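Chain and residue survey
For reference, the chains in residue letters:
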Amino acid sequence: MSERRHLINLGYRLLGSLADAEDVVQETYARWYAMSPREQRAIESPGAWLMTVASRICLNQLGSARVRRETYVGDWIPEPLPEPTEWNGGPSGGADPADRVTLDESVTMAFLVVLDAMTPAERVSFVLHDVFRYPFGEVAAIVGRTPAACRQLASSARRRIRIAHPPTTAPATGQAGIVRQFRTAWEAKDIEALIGLLDPDATATADGGGLAVTHPYPIVGGERIAHAYAEIARVAGDRTTFLECTVNGLPGLVAFQGGALVTVFAFEVVDDRIRNIWAVRNPEKLRPWRTG
């Protein structure tokens, strides 16, 4: 059971969902305990066996997930991870499932969105090799390709990351300041201030999963986003309050209405401008935040 956190880390990066990662871990352990004690003792490295089995289960799930996404209502955004503390230094209170996931660049929302656009084989090859440092020989046995093919898959994935996810020049503290300014301008419905904080080509994407009201398509362009978000603030009135929380390792916002958590916002800040906003409103994806 000491391998559980490692397996959760793997599952979340491969599937973009904490709930799905936990299901994979349960299935992996079910297969372990289905073996006889003699079969278990014959396995030289139980940890490596568990990681291999979990990776294969994730690979199968990624294939079926692509089919399910075709019927998903609206845009699909990875499930946001909460963290035990707010980024402004205050406590968030309660136990938090995020303490089982190591927060680093490979779980930022921007990174996960790029991973989600990859083929299942690309994603598994890249995550196992570049994040978990598996040699391509072992990756090949999991993916069912040759080591050379897995090397090419990981290389292709790396190119996607470089193109879609340029390194940010702002440290987390700088990003926190920009997100805070965005919050202040949004609450004030200050369109000009919002435009100044947004990249001219910024994109705002929302995920309601058909279970919550959202804008149906991504909003592209800083000016269009500023006007749309100002209208959201006008309609919401004083019913909405915000909390500054870490979302997938970076400064984000959480919105409450009537004391209930309704939206989690993740941001990508590049060159001191907000380039992407991801708003998750699907209540099924917000359960870890509510239970925390």
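Above this text sits the structure in question.
Every value quoted in this text rests on a predicted model; they were computed, and no experiment measured them. Per chain, residues are indexed from 1 in the order of the written sequence. pLDDT decides what is reported in this predicted model: residues at 70 or higher carry local features, side-chain atom pairs at 80 or more are listed and counted, and totals for whole chains, interfaces and linings draw on all residues regardless. Note: side-chain values were computed over all heavy atoms of the structure, leaving out hydrogens and water.

Turning our eyes to something else, we now look at the packing of aromatic side chains. Here the aromatic set is Phe, Tyr and Trp, taking the six-membered ring for Trp, and pairing holds for ring centres within 6.5 Å; pairs whose planes are under 30 degrees apart are stacked, those over 60 apart are edge-to-face, and all others are tilted. Enumeration according to the criterion identifies 11 aromatic pairs in this entry. Look at phenylalanine 111 and phenylalanine 126: their rings are 6.0 Å apart centre to centre, the planes differ by 35°, and that puts the pair in the tilted class. Residue phenylalanine 111 is found in helix H5 (residues 109-116), and its partner phenylalanine 126 is found in helix H6 (residues 120-131); the two are separated by 15 residues along the sequence. The residues phenylalanine 111 and phenylalanine 126 share a single accessibility class, namely buried. Measuring from centroid to centroid gives 5.6 Å for phenylalanine 182 and phenylalanine 267, while their planes differ by 65°, and the two rings are edge-to-face. Strands here mean DSSP runs of E at least two residues long; helices mean DSSP runs of H or I at least four residues long; both are numbered from the N terminus. Residue exposure (1.4 Å probe, protein chains only): buried if accessible area is under 20% of the type maximum, exposed if over 50%, otherwise partly exposed.

Turning our eyes to something else, we now look at the pairing of strand E1 (residues 198-207). Across the 10 residues of E1, seven count as buried, placing the element largely inside the fold. For E1 and strand E6 (residues 273-280), the ladder comprises six bridges, and the chain directions are parallel. Bridge pairing in E6 places alanine 204 opposite isoleucine 277. Strand pairing is assigned whenever DSSP identifies at least 2 bridges connecting the two strands. Bridge analysis of E1 against strand E2 (residues 219-220) gives two bridges, and the strand direction is antiparallel. Note that in E2 the partner of alanine 204 across the bridge is isoleucine 219.

Quick look at empty space enclosed by the protein now. The method works on a 1 Å grid over the protein atoms by themselves. A cavity is a set of points holding a 1.4 Å probe that cannot get out, a pocket is an open set with protein on both sides within 12 Å along at least five of seven lines, and residues with an atom within 4 Å of a point line them. Grid points are joined across faces, edges and corners, and a volume is the space filled by probe spheres set on the points. Applying the stated criterion to the full structure yields one cavity of 30 Å³ or more. If you add up the space inside the largest cavity, you get close to 40 Å³. Taken together, the elements giving at least two residues each to the lining of the largest cavity come down to strand E4 (250-257) and strand E5 (260-270). When residue character is reported, Ala, Val, Leu, Ile, Met, Phe, Trp, Tyr, Cys and Pro are called nonpolar, Asp, Glu, Lys and Arg charged, and the others, Gly included, polar. Class assignment of the residues belonging to the lining of the largest cavity gives a composition of six nonpolar, two polar and no charged.

So, about the sheet that holds E6. Pairing within the open sheet is mixed, and its six strands lie in the order E2-E1-E6-E5-E4-E3. This sheet does not close on itself; its edge strands, each paired only once, are E2 and strand E3 (240-247). With eight bridges joining them, E3 and E4 adopt antiparallel strand pairing. Each bridged residue has a counterpart across the sheet, and for cysteine 245 the counterpart in E4 is glycine 252. Contacts: residue pairs with any heavy atoms within 4.5 Å of one another. Axes, fitted as lines to C-alpha atoms, cover a helix only where it is in contact. Angles between the N-to-C directions of the axes lie from 0 to 180 degrees. In this fold helix H11 (residues 222-236) packs onto E1, E2, E3, E4, E5 and E6, with an angle of close to 50° to the strand it touches most, E1.

Turning our attention to the layout of surface pockets. Of the voids in this model, the largest pocket is the one considered here, and its volume is about 580 Å³. Around the largest pocket sit 25 residues that line it, and Trp186, Ile232, Ala236, Thr240 and Gln257 are the ones nearest its centre. Those elements that place two or more of their residues in the lining of the largest pocket are helix H9 (172-187), H11, E3, E4 and E5. Looking at the lining of the largest pocket, the element that brings in the most residues is H11, giving six residues. Residues belonging to the lining of the largest pocket are distributed by class as follows: 13 nonpolar, six polar and six charged. As a volume, the second largest pocket reaches approximately 490 Å³. Going through the elements one at a time, helix H2 (18-33), helix H4 (46-69) and helix H12 (287-291) are the ones with two or more residues in the lining of the second largest pocket.

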